[in-house]
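# Coordinates in review
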Amino acid sequence: LFFKKIKFSIDYRDYHFLTKFTPGFIYKSANFVAISSPGYASLLPGGCKVLLSHNFIFEKIEYRYEKIDKPINISCIGAIRDYEVNSRLIKHLGGNESYLIVFYGSGVAVDGLKRLSVDLGVRNVLFFGFYEKKEEWTFYKKSGLINLLRLPDSLNNKIALPNRLYNSPFYRVPILCYQGTLLANYVEKYGIGLVLTVGEDFDRAIKNYFS
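Residues numbered from 1 in each chain as written. Predicted model: local features only at pLDDT ≥ 70, side-chain atom pairs only at ≥ 80, totals over all residues. Heavy atoms only, no water.

## Quick look at the layout of surface pockets
By volume, the second largest pocket amounts to about 170 Å³. Here the lining of the second largest pocket is composed, by residue class, of five nonpolar, four polar and four charged. (1 Å grid on protein atoms, 1.4 Å probe; cavity = no way out; pocket = protein on both sides within 12 Å on 5 of 7 lines; lining within 4 Å. Points joined across faces, edges and corners; volume = space filled by probe spheres on them. Nonpolar A, V, L, I, M, F, W, Y, C, P; charged D, E, K, R; others polar.)

## Description of the side chain of D203
Within the secondary structure layout, D203 lies in helix α8 (residues 202-210). Not counting the four nearest positions on each side in its chain, D203 is found in contact with L93, N96 and Y99. (Helix = DSSP H or I, 4+ residues; strand = E, 2+ residues; numbered from the N terminus. Contact = heavy atoms within 4.5 Å.)

## Let's talk about the pairing of strand β9 (residues 193-196)
Of the pairings in the sheet, the one linking strand β8 (residues 175-178) to β9 comprises four bridges and is parallel in character. From the neighbouring strand, C177 faces β9, where its bridge partner is V195. Handedness of the β8-helix α7 (residues 182-190)-β9 crossover: right-handed. (Pairing = 2+ DSSP bridges. Right-handed = clockwise from strand over helix to strand, strands pointing away.)

## A look at unusual backbone geometry
At R172, a residue that is not glycine, the phi angle is positive and equals roughly 65°. Within the element layout of this structure, R172 appears in the loop between α6 (164-170) and β8.

## Side note on the pattern of salt bridges
What the rule picks out here adds up to four salt bridges. The salt bridge involving R13 is made with D11; its shortest N-O contact spans 2.8 Å. (Salt bridge = Lys/Arg side-chain N within 4 Å of Asp/Glu carboxyl O.)

## Remarks on the packing of helix α2 (residues 83-93) against α8
Two numbers describe how α2 lies on α8: the axes approach to 9 Å, and their chain directions differ by 85°. Taken as axis vectors, α2 and α8 run roughly perpendicular relative to one another. Contacts between α2 and α8 involve R88, L89, H92 and L93 from the first element and F202, D203 and I206 from the second. (Axes fitted to C-alpha atoms, helices over the stretch in contact; angles between N-to-C directions. Parallel < 35°, antiparallel > 145°, perpendicular 65-115°, else oblique.)

## Digging into the packing of α2 against helix α3 (residues 110-120)
At their nearest, the axes of α2 and α3 sit 10 Å apart, and the two run at 25° to each other. As the angle between them shows, α2 and α3 are arranged roughly parallel. Between α2 and α3 lies a crossing whose hand is right-handed. Contacts between α2 and α3 involve Y83, N86, S87, I90 and K91 from the former and G112, L113, L116, S117 and L120 from the latter. When grouped by side-chain class, the residues that make up the contact of α2 with α3 number five nonpolar, four polar and one charged. (Left-handed = near helix turned anticlockwise from the far one by under 90°.)

## A closer look at the environment of L148
Structurally, L148 can be placed in the loop between β7 (145-147) and α5 (155-159). For L148, a relative accessible area of 2% translates into the label buried. In the structure, L148 is positioned 126 residues away from T22 in sequence and 30 Å away in space, judged by C-alpha atoms. Those residues within four positions of L148 in sequence are excluded, and the remaining contacts are P162, R164, L165, I175, L176, C177 and L183. (Buried < 20%, exposed > 50% of the residue type's maximum accessible area, 1.4 Å probe, protein only.)

## Side note on α8
All of the buried residues along α8 are F202, D203, A205 and I206. If you follow the buried residues of α8, they end up packed against β4 (72-77), α2, β5 (99-104), β7, β8 and β9. Between the side-chain oxygen of the N-cap and the backbone nitrogen of D203 there are 3.3 Å, and the N-cap of α8 in question is D201. (Polar contact = N/O pair within 3.5 Å; in protein donor to acceptor, adjacent residues only side chain to side chain.)

## Quick look at the sheet that holds strand β2 (residues 33-35)
Strand order across the open sheet formed by three strands is β1-β2-β3, with parallel pairing between neighbours. Single-partner strands in this sheet number two, and they are β1 (10-12) and β3 (50-52). Strand-to-strand, the axes of this sheet are offset by a mean angle of 25°, without reference to chain direction. Pairing between β2 and β3: three bridges, direction parallel. The partner of V33 across the bridge, within β3, is V50.

Rendered as structure tokens:
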């Protein structure tokens, strides 16, 4: 692209260590570099034209928020790729009739989480698999909390901002996340969910939040 003098832009969605090997002049030569989180700006060389942009599809739908009674539906909507953090949720709230833990979507962690649910013999954990984007708003309507749990154990987890950060307040559903991430900073700043410390008791924290 550079040597052919073709105009191009770069879309930087997630951090990957291989981007360290991309020559800095490639980023500088782009018309602009779209980033999905302001945290990624620090990974780019100076002189880039940076545009903060994310995937949000505004759908004109007739939607009215309804108070969620028990069981509280804790929904993971989208890619399911973090086994460790979701297994914690299942181990602590699986079998608790006050909650329904639901996974809408597919991902590398699904098979392991399904096996864990079977091994624990819990019935309040449900998996619905791949879905069409147009169905997504119906899942938010059923939800009491949006599962955005991720451990601050990697650079990407610390600075990434997922689509659910935008969708959750749009559909008026609070977010559930852990401290130590840029995501959690926004959730706390704007009061759009519950931020837990790692190791905090899920049941007690959620009940206190809703009370």
